[in-house]
Amino acid sequence: MRFPACLSCPDCGAPMEPAELGGVGRIETWTTVHRAPPRFETPYVLAWVQLEEEGLRVLARFTGDGEPRLGAAVDVALAADGDDALIVATAAGSSA
Amino acid sequence: VSDDVFIAGVGATRFGRRPQDSESVMALEAVRAALHDAGVERAAIDAVFVGNVFGDPGLGQAIARDVGLAGLPVVNVENACASGTSALLEAAAWIRAGMAESVLVLGVEKLSGRFDGLIALPSSTYIDQGLTLPAIYALHARRHMEEHGLAPTDLASVTVKSRRLGAHNPLASYQDAVSAEEVLAAPLIADPLTRLMCCPNADGAAAAIVTGARPAAVDRPIRLLGSALASGRHRDRLAPGTSVVGEVARRAYEAASVGPQDVDVAEVHDAFVIGEILAYERLGFCEPGEGGRYVARAYPHGDDTAVNTSGGLMSRGHPPGATGIAQVYEVVRQLRDHAGPAQVQDADVGLTLTMGGTVTELETNACVVHVFGT
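Residues numbered from 1 in each chain as written. Chains lettered and ligands numbered in written order. Predicted model: local features only at pLDDT ≥ 70, side-chain atom pairs only at ≥ 80, totals over all residues. Heavy atoms only, no water.

### Comments concerning the interface of chain B and chain A
When the parts of a complex come together, some accessible area is lost, and that lost area is often used as the size of the interface.
Okay, step 1: Counting residues at the interface gives 28 residues for chain B and 30 residues for chain A.
Okay, step 2: Both faces considered, chain B and chain A share a buried interface measuring about 2,600 Å² in area, 59% of it formed by carbon and sulfur atoms.
Okay, step 3: Our count for the contact surface shared by chain B and chain A stands at 2 salt bridges.
Okay, step 4: A salt bridge links B:Asp128 to A:Arg39; its shortest N-O distance comes to 3.1 Å.
Okay, step 5: Here chain B is connected to chain A by 13 residue pairs in polar contact (both at pLDDT 80 or more). (Contact = heavy atoms within 4.5 Å. Buried area = accessible area lost by both parts, 1.4 Å probe. Salt bridge = Lys/Arg side-chain N within 4 Å of Asp/Glu carboxyl O. Polar contact = N/O pair within 3.5 Å; in protein donor to acceptor, adjacent residues only side chain to side chain.)

### Digging into the nonpolar core
Okay, step 1: One finds A:Val49 and B:Leu283 to be the most contacted residues of the largest nonpolar core, which totals 86 residues.
Okay, step 2: If you tally residues by element for this core, the top one is helix H5 (residues 133–148) of chain B, at 8 residues.
Okay, step 3: Not counting residues up to four positions away in its chain, the partners in contact with B:Leu283 are B:Ala249, B:Tyr253, B:Pro260, B:Val268, B:Leu351, B:Leu353 and B:Val369.
Okay, step 4: In this structure, B:Ala12, B:Phe49, B:Leu88 and B:Tyr299 belong to the second largest nonpolar core, which totals 40 residues. (Core = buried A, V, L, I, M, F, W, Y, C linked by side-chain atoms within 4.5 Å. Buried < 20%, exposed > 50% of the residue type's maximum accessible area, 1.4 Å probe, protein only. Helix = DSSP H or I, 4+ residues; strand = E, 2+ residues; numbered from the N terminus.)

### Here we look at the sheet that holds strand S8 (residues 222–230) of chain B
The strands making up a sheet associate through hydrogen bonds between their backbones, and the pairing can be parallel or antiparallel.
Residue and element names in this part refer to chain B.
Okay, step 1: Strand order across the open sheet formed by 10 strands is S3-S2-S4-S7-S1-S8-S12-S11-S9-S10, with mixed pairing between neighbours. Of all strands in the sheet, those with a lone pairing partner are strand S3 (74–77) and strand S10 (306–307), marking the two edges.
Okay, step 2: Bridge analysis of strand S1 (residues 6–12) against strand S7 (residues 204–211) gives 6 bridges, and the strand direction is antiparallel. The residue of S7 that forms the bridge with Gly 9 is Ile 209.
Okay, step 3: On top of the sheet, helix H8 (residues 244–256) reaches S8, strand S11 (349–356) and strand S12 (366–373); it is set at about 145° to S8, its chief contact. (Pairing = 2+ DSSP bridges. Axes fitted to C-alpha atoms, helices over the stretch in contact; angles between N-to-C directions.)

Spelled out as C-alpha cells, the structure:
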C-alpha cells in the first residue's frame, strides 16, 4: 500500500488499485507554515500522520485549537477546498 | 585510460543576487578562473559537463559557445541541488572509461527573476496540501527535537557558526556574523525554522577542471578518491531508518578506502540548518541523535571534522545548479592549504554532500557524496 497513490508499484512496476484508507491515526511530527505560495492562506499547520490500520503516513492539514501534540490521536478525512480536496486531521473525537 | 581522477583547478564567482548577469556571463568568470588555477589552455579541454536546474534547455551548449569551448561534446545534467556534483561524477566516469582526458565541469544557476524567495514546485498530492521545501525540513526538525531533545538554540547555532565562517569568504552572499538571538527572533518560515535558518537563493557559477593525468602545473594535486550517488526510494519520507544519505556515504567511503574519522573537512548541504545537523549523523561524524551537540565541534573543530568552513549555503546562498561545485571549490582549496582564515590545519581528506529534491514523494531526487584526498 502506498500514499500518495502511484501509477504502478514504484519498486516492481506491479499494477496498483485504489484503496480507501481508514481515518484514524497519530501525529508523528508537525509544522506551522508561515510562508507559502500565494494560493495558500497562511499560517496553517501541516501534520504528518501515521494511519493506525495501514501503517501508512499521510500529510494532513491539522485544524483545531492550539498546537498539535506528538503522538496525539487524530481523525483524518477529506474536506472540500474549492474544486480540490484537502486531507484534514482533527483531534480524535472532536470532528463534527 | 586512467583510474586516477584529479581536480586540476577550480574557479568560482561571487554568489548573490546578480540580476543583470546571464548564466554565460557568470560561467565565463568561473571557467576563466578554473583554467587559470589549473594552468591550462582551453585547447586542453575535451568535454564539458554542465550542472543546472532552472535554465533553458540547451544551456550547456549556449555556455560552451559563449565561453570559447564550442564544438566539444557537451552534456547537460539536471539533478536538483546535486546537479553540479552529479556532473562531476559523470565527468569522472568519462575519464575512467577513456572517453575524455580533461573535462570542464561547470555548475551555474540564475534564480533572480525566476523565484522571489520560495522555490515553486510542480503540483502533486503533497504540494497541493501546502507542503513547501522549508516545511519538509521543519517536519524533520520538530521530530528531532521531540526524539533527541534538539533545541531551537542548537538550530540557531548552525547559522551562527556558518555566518561567522562566511564572514571570511569573499564569494559569499552574506559576509557578516549574526547572533543566536537574531536568528531566533527572525520571522518564522515554517516553525521551528526562522528566515535565518533557511539559506538565501543566489545566482552564481563554479567550475572545476577534471583530468585523468596528474596535473603538471599544480603544487599539490587533489584526487577524487571515491564517489557515490543515489536517488530516494518511494517510502514514507520520515519513516525511521530509511535515509539514503547514510548508504551513499558508506559507498563513497568504501570507494575512497577511508572512514568518517579520516575526514578533515566537509562541505555539506545546509539549505536548512536541520539539514546540516542530520548530515553530521548520516555521514558518521557523530552518532544518530547527537547532531545537535556536534555543532560546537564542527568549528572550531579540534580533532573532529570541520564542517562548512566556506560558511555553507547559509552564507554563500544557494544557486542550485552551482552549489555542488561551489562545495568542491572550498574542499579543494582547503586540501591545498589555500583556504585563508578558515584554513583547517593538515587537511588531507575532504568530503562534499549535496542533495535535494523536488519529487516530494521521494526522500531526495539525488544525493551525491564525493571524497577527495591529496
